[in-house]
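Inside the fold
Here's the letter readout for the chains.
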Amino acid sequence: MFNSQLSKFFQADIGIDLGTANCLVFVRDHGIVLNEPSVVAINENTKEVLEVGSAAKRMVGLTPKNIRAVRPMKDGVIANFEVTEEMLRFFINEARKAVPWRQRLLNPRVMIAVPSGITEVENRAVKDSAKRAGAGMVYIVEEPMAAAVGVGLPVDDACGNMIVDIGGGTTEVAVISLDGIVAAHSVRVGGDEFDNAIINHMKKVYNLTIGERTAERIKIEIGSAFQIPDLDEREMDVKGRDLFAGLPKTVRISAHEIRNALQEPIASIVETVLLTLDGCPPELSAELIDRGIMLAGGGALIAGMDRLLMQETGLPVSVAEDPLLAVAKGTGVMLHELDKLAGSE
């Protein structure tokens, strides 16, 4: 008990939602202190890290040849170890600025949320990168569990809790009961695949090349997963480069065609939800008829996603109050269990 109290006095506890698109950092007793894009700008000549987070994302598609804006996470796992380490170091150092000076004397204990479907090698890579970035002890939690805790589901009760967390690189689907995952599936489809589907649609239909930022803006403004009459009538102008002429070009697109363009990745998510339900024990399945499905993650904000899943599963579907913050908030709640975890190490 004394060692536990001593560590809390000199050491910070940090929870990290290490996402493909965004990285959120929760500091115990301080809440979410950082919400930054998972992007790092690097000087190719010197290998020096120039910017991290929002400042680096603003450089995407706009940098000279010697500067590269890198997204070190792909499909929820580390794609570039060195850059991920630098990104984590930046986020951990920024998070430590939020705590009193005495809690900076020891390296912080860090809890990181990762996709449930990652391999042991990928799991180890996350831990090693965090330790090299300045973490003391590193604890791993599965994203669907963190998301379920973050949205307030009673995961410790003997009842069925279903969470669908649609992130930037992966979609995590799980049924949770008694603090454990009873049935789960992870598919490497998420916001990035939505963006890629829009980029490919613009190339195929309009011979127009657009960047990731433009695709994301289209997705947010007129993207949908289900037919919504008011939304289907909306249109927007999109600027890009003509694939053949190589000149700037503007085209007008409709929400209806973007919904059609998103059908393939959205169908993969629906299939994953149905697959998880199929592997759920009968008693828990019966409880889900009343308790329903909770949506979290950035993909939960796609218009009509809840209606589509309701139609396909026949279950009530709710969207979390702060779906983008669910995993980070969950790590924050679970940070209070670190003393128990440390005692079991």
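Now for a quick tour of the structure. Worth saying up front: this structure is predicted, and the values here are computed from it rather than measured.

Side note on a nonpolar patch on the surface
On the surface, Leu301, Val319 and Leu324 cluster together to form a nonpolar patch covering roughly 250 Å² of accessible area. Relative to the helices and strands, Val319 is located in strand E18 (residues 317-319).

Focus on the sheet that holds strand E13 (residues 180-187)
The strand order across the open sheet built from five strands is E13-E12-E11-E17-E18, with neighbouring strands paired in mixed fashion. Bordering the open sheet on either side are E13 and E18, each of which pairs with just one other strand. Recorded for the sheet is a direction-independent mean angle of 20° between the axes of neighbouring strands. The pairing of strand E12 (residues 171-177) with E13 spans seven bridges and is antiparallel. Bridge pairing in E13 links Val173 to His185.

A word on the packing of helix H6 (residues 191-206) against helix H7 (residues 212-222)
Relative orientation and spacing of two packed helices are given, respectively, by the angle between their axes and the distance between those axes. It is at 9 Å that the axes of H6 and H7 come closest, and there the two elements cross at 100°. On the basis of their axis angle, the class for H6 and H7 is roughly perpendicular. When H6 is examined against H7, the residues Gly191, Phe194, Asp195, Ile198 and Ile199 are found in contact with a partner set consisting of Glu212, Ala215, Glu216, Ile218 and Lys219. Partitioned by chemical class, the residues of the contact of H6 with H7 number five nonpolar, one polar and four charged.

Concerning the nonpolar core
Of all hydrophobic cores here, the largest spans 45 residues; its most connected members are Met202, Ile210, Ile218, Val238, Ile253 and Met305. Examining the composition of this core, we find that six residues originate from one element, H6, more than from any other. Beyond its immediate stretch of four places on either side in the chain, Ile253 contacts Met202, Tyr206, Ile218, Ile222, Arg234, Glu235, Met236, Val238 and Ile258. Listed in part, the 32 residues of the second largest apolar core include Leu18, Ile42, Val83 and Ile118.

Considerations on the pairing of strand E4 (residues 40-43)
Burial along E4 is two-sided: the residues Val40 and Ile42 and Ala41 and Asn43 are all buried. Sheet topology note: the E4/strand E5 (residues 49-52) ladder contains three bridges and is antiparallel. Across the sheet, residue Ala41 finds its bridge partner in E5, namely Glu51. Two successive antiparallel strands, E4 and E5, enclose a turn made up of five residues, where Lys47 displays a positive phi of approximately 65°. Where E4 lies against strand E6 (residues 67-70), four bridges are found, and the strand directions are antiparallel.

Some points on the pairing of strand E3 (residues 31-37)
Bridge count between strand E2 (residues 22-27) and E3: six bridges; the pairing is antiparallel. The residue of E3 that forms the bridge with Leu24 is Asn35. Connecting E2 to the next strand, E3, in antiparallel fashion are three residues, including Asp29 with a positive phi near 75°.

Quick look at the packing of aromatic side chains
Under the definition given, this model contains one aromatic pair. Residues Phe90 and Phe91 carry aromatic rings whose centres are separated by 5.7 Å and whose planes lie at 65° to one another, so their mutual orientation is edge-to-face. Since its relative accessible area comes to 31%, Phe90 is described here as partly exposed. Residue classification places Phe91 among the buried positions, given a relative accessible area of 1%.

Description of the sheet that holds E4
With antiparallel pairing, three strands are arranged side by side in an open sheet as E5-E4-E6. Looking at strand neighbours, the two that pair on one side only are E5 and E6, the edges of this open sheet. Averaged over all neighbouring strand pairs, the angle between strand axes comes to 20°, with direction disregarded. Contacts from helix H3 (residues 81-96) reach E4, E5 and E6 within the one sheet, and its direction differs from that of E5 by about 60°.

A closer look at unusual backbone geometry
Not every positive phi belongs to a glycine, and Asp29 is a case in point at roughly 75°. Since its relative accessible area comes to 66%, Asp29 is described here as exposed. Phi at Asn207 is positive, roughly 55°, even though this residue is not glycine. Among the structural elements, Asn207 can be located in the loop between H6 and strand E14 (208-209).

Quick notes on the pattern of salt bridges
Side chains carrying opposite charge are able to pair once their charged atoms draw close together. Summed over the entire model, instances satisfying the criterion amount to 20 salt bridges. Between Asp13 and Arg109 there is a salt bridge; the shortest N-O distance is 2.9 Å. Taken together, the positions of Asp13 in strand E1 (residues 13-18) and Arg109 in strand E9 (residues 109-114) put the pair 96 residues apart, joining distant regions of the chain. Across the pair Lys97 and Glu94 runs a salt bridge whose closest N-O atoms are separated by 2.8 Å. Glu94 gets classed as partly exposed once you look at its relative accessible area, which sits at 28%. Residues participating in the shared-partner salt-bridge network are Glu85, Glu86, Arg89 and Arg132.

Quick word on the environment of Asn161
Within the secondary structure, Asn161 sits in strand E11 (residues 161-166). Along the primary structure Asn161 and Val175 are separated by 14 residues, whereas in three dimensions their C-alpha atoms are 5.4 Å apart. Among residues more than four places away in sequence, those in contact with Asn161 are Leu153, Pro154, Val155, Ala174, Val175, Ile176, Leu288 and Arg291. At a separation of 3.3 Å, a polar atom in the side chain of Asn161 contacts the main-chain carbonyl oxygen of Pro154.

Conventions used here
Residues numbered from 1 in each chain as written. Predicted model: local features only at pLDDT ≥ 70, side-chain atom pairs only at ≥ 80, totals over all residues. Heavy atoms only, no water. Patch = residues over 30% accessible without salt bridge, like charges linked within 9 Å, V, L, I, M, F, W, Y side chains within 5 Å. Areas by Shrake-Rupley, 256 points an atom, 1.4 Å probe, with all protein chains shown as cover. Salt bridge = Lys/Arg side-chain N within 4 Å of Asp/Glu carboxyl O. Helix = DSSP H or I, 4+ residues; strand = E, 2+ residues; numbered from the N terminus. Pairing = 2+ DSSP bridges. Axes fitted to C-alpha atoms, helices over the stretch in contact; angles between N-to-C directions. Parallel < 35°, antiparallel > 145°, perpendicular 65-115°, else oblique. Contact = heavy atoms within 4.5 Å. Nonpolar A, V, L, I, M, F, W, Y, C, P; charged D, E, K, R; others polar. Core = buried A, V, L, I, M, F, W, Y, C linked by side-chain atoms within 4.5 Å. Buried < 20%, exposed > 50% of the residue type's maximum accessible area, 1.4 Å probe, protein only. Phe/Tyr/Trp six-rings, centres within 6.5 Å; stacked < 30°, edge-to-face > 60°. Polar contact = N/O pair within 3.5 Å; in protein donor to acceptor, adjacent residues only side chain to side chain.

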